[in-house]
Amino acid sequence: FLNNIENALEPTDRSQANGNYSAVGELTSRLTSNHSGALLHDFGKIYELSFDRNYNYTDEGRLIGHITIEAIKLQKEIDIIPDFPKELALQLIHMILSHHGSYEFGSPKRPKTIEAMILYYLDDMDAKVEAMYKFITENTADGKWAGFEQKQFDRFIYKGSLIENQDQSIEE
């Protein structure tokens, strides 16, 4: 965990040491914090959920939730690192707190930085693609259409090329 944070600091340290505040340096810094935020954004789920026979929520998970758990644990780790940049700490914690995108989806904050917005959209897209893939692969209907998925997408879902690729790999 600490290695990820320390690795996030390296490009920032190098660009500051060289006095290089170019657009490339800024982009590198932004991508580095976005990468770190992406790596850290759901680690709180290991404290939120228990994995005995079924998934269930821990007391900590039910009372606090993974987003708050992540923010607290991240702050504790940051406090251990000498001279951790305050701005980077603020940005990383904001990314954690806002990665669900809106209040109604459990984020205590909405994304207010480019990095937080990127993380939110990538996380949201990943969840939607996974849900659509699961709907297609679990649907047993014949043909190119998986049927109407009402809960999340409210539309018919086309499975044509996905199923064709699966059929080809079975034949080979």
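Let me begin by describing the structure that accompanies this report.

What counts, and at which threshold
Every chain begins its residue count from 1, and numbering advances along the sequence as written. With pLDDT at 70 or above as the cut-off, local features in this predicted model cover only qualifying residues; side-chain atom pairs require 80 or more to be listed or tallied, and sums for whole chains, interfaces and linings still use all residues. The side-chain figures draw on all heavy atoms in the structure; neither hydrogens nor water molecules are used. A run of H or I in DSSP counts as a helix once it spans at least four residues, and a run of E counts as a strand once it spans at least two, with each numbered from the N terminus. Here the term buried applies to any residue with accessible area under 20% of the maximum for its type, exposed to any over 50%, and partly exposed to those in between, with areas from a 1.4 Å probe on protein chains only. Residue contacts are counted whenever heavy atoms from the two residues lie within 4.5 Å of one another. All accessible areas in this document rest on Shrake-Rupley with a 1.4 Å probe, and a residue is counted as covered only by the protein chains that are shown. Centre distance within 6.5 Å is the pairing criterion for rings of Phe, Tyr and Trp, where only the six-membered ring of Trp is used; planes under 30 degrees apart are then read as stacked, over 60 as edge-to-face, and the remainder as tilted. Being paired, for any two strands, means DSSP has found at least two bridges between them. Patch members must show over 30% relative accessible area and no salt bridge, and they are joined within 9 Å when carrying like charges or within 5 Å when they are nonpolar side chains of Val, Leu, Ile, Met, Phe, Trp or Tyr. For this analysis, a salt bridge means a side-chain nitrogen from Lys or Arg found within 4 Å of a carboxyl oxygen belonging to Asp or Glu. What is meant by a nonpolar core is a set of buried Ala, Val, Leu, Ile, Met, Phe, Trp, Tyr and Cys residues, joined one to another through side-chain atoms within 4.5 Å. The pocket and cavity definitions rest on a 1 Å grid over protein atoms only: a 1.4 Å probe that fits but cannot leave marks a cavity, an open set with protein on both sides within 12 Å along at least five of seven lines marks a pocket, and residues lining either have an atom within 4 Å of a point. Grid points are joined across faces, edges and corners, and a volume is the space filled by probe spheres set on the points. Expected helix span is computed as 1.5 Å times (number of residues minus one).

### Side note on the overall build of the protein
- Within the protein, the regular secondary structure consists of 8 helices and 4 strands.
- The N-to-C order of helical and strand elements in the protein reads α-α-α-β-β-α-α-α-α-β-β-α.
- Each of the 172 residues in the protein was classed as buried or not, and the buried ones make up 33%.
- Considering only contacts in the protein between residues 6 or more positions apart, those separated by 24 or more positions represent 44%.
- Summed over all atoms, the accessible surface of the protein reaches about 11,700 Å², with 54% contributed by carbon and sulfur.

### Some details on the packing of aromatic side chains
- Here the structure, examined in full by the defined rule, presents 4 aromatic pairs.
- When the centroid spacing of 4.8 Å and the interplanar angle of 50° are considered together, the rings of Y120 and Y121 count as tilted.
- With a relative accessible area of 15%, Y120 lands in the buried category.
- Assessed through its relative accessible area of 48%, Y121 is described here as partly exposed.
- Relative to F156, the ring of F148 lies with its centre 5.1 Å away and its plane at 75°, an arrangement referred to as edge-to-face.
- Taking the relative accessible area as the measure of exposure, F148 reaches 40% and is therefore partly exposed.

### So, the pairing of strand β4 (residues 155–158)
- Here 4 bridges tie strand β3 (residues 145–149) to β4, and the two strands are oriented antiparallel to one another. Among the inter-strand pairings, E149 is bridged to a residue of β4, identified as R155.
- Counting the residues in the hairpin turn of β3 and β4 gives 5 residues, including D154, whose phi is positive at 55°.

### Comments concerning a nonpolar patch on the surface
- A surface patch of nonpolar side chains, amounting to about 460 Å² of accessible area, comprises I114, I118, L122, M125 and V129.
- Relative to the assigned elements, I114 resides in helix α7 (residues 114–138).

### A closer look at the nonpolar core
- Formed by 13 residues in total, the largest nonpolar core has its most connected members in L74, I78, F84, L92, I93 and M95.
- The element best represented in this core is helix α6 (residues 86–98), accounting for 6 residues.

### Some remarks on the layout of surface pockets
- There is about 440 Å³ of room inside the largest pocket.
- Around the largest pocket, the lining is made up of 15 residues, and of these H100, F105, D123, D124 and A127 lie nearest the centre.
- If you list the elements that add at least two residues to the lining of the largest pocket, you get α3 (45–48) and α7.
- Considering every element that reaches the lining of the largest pocket, the biggest residue donor is α7, with 5 residues.

### Considerations on helix α5 (residues 66–80)
- The terminal C-alpha atoms of α5, which comprises 15 residues, lie 21 Å apart, in line with the 21 Å expected from a rise of 1.5 Å per residue.
- Turning to α5, its buried residues are H66, I67, I69, E70, A71, L74 and I78.

### Focus: the pattern of salt bridges
- Tallied over the entire structure, the rule returns 1 salt bridge.
- We note a salt bridge from D124 to K128, for which the minimum N-O separation is 2.8 Å. Residue D124 and its partner K128 are both found in helix α7; the two are separated by 4 residues, about one turn of the helix.

### Here we look at unusual backbone geometry
- In the Ramachandran plot, D83 falls in the positive-phi region, its phi being about 60° despite a non-glycine side chain.
- Counting through the fold element by element, D83 comes out in the loop between α5 and α6.
- Here D154, not a glycine, exhibits a phi torsion of approximately 55°, which is positive.
- Mapped onto the elements of the fold, D154 is located in the loop between β3 and β4.
- Judged by relative accessible area, D154 falls into the exposed class, the value being 53%.

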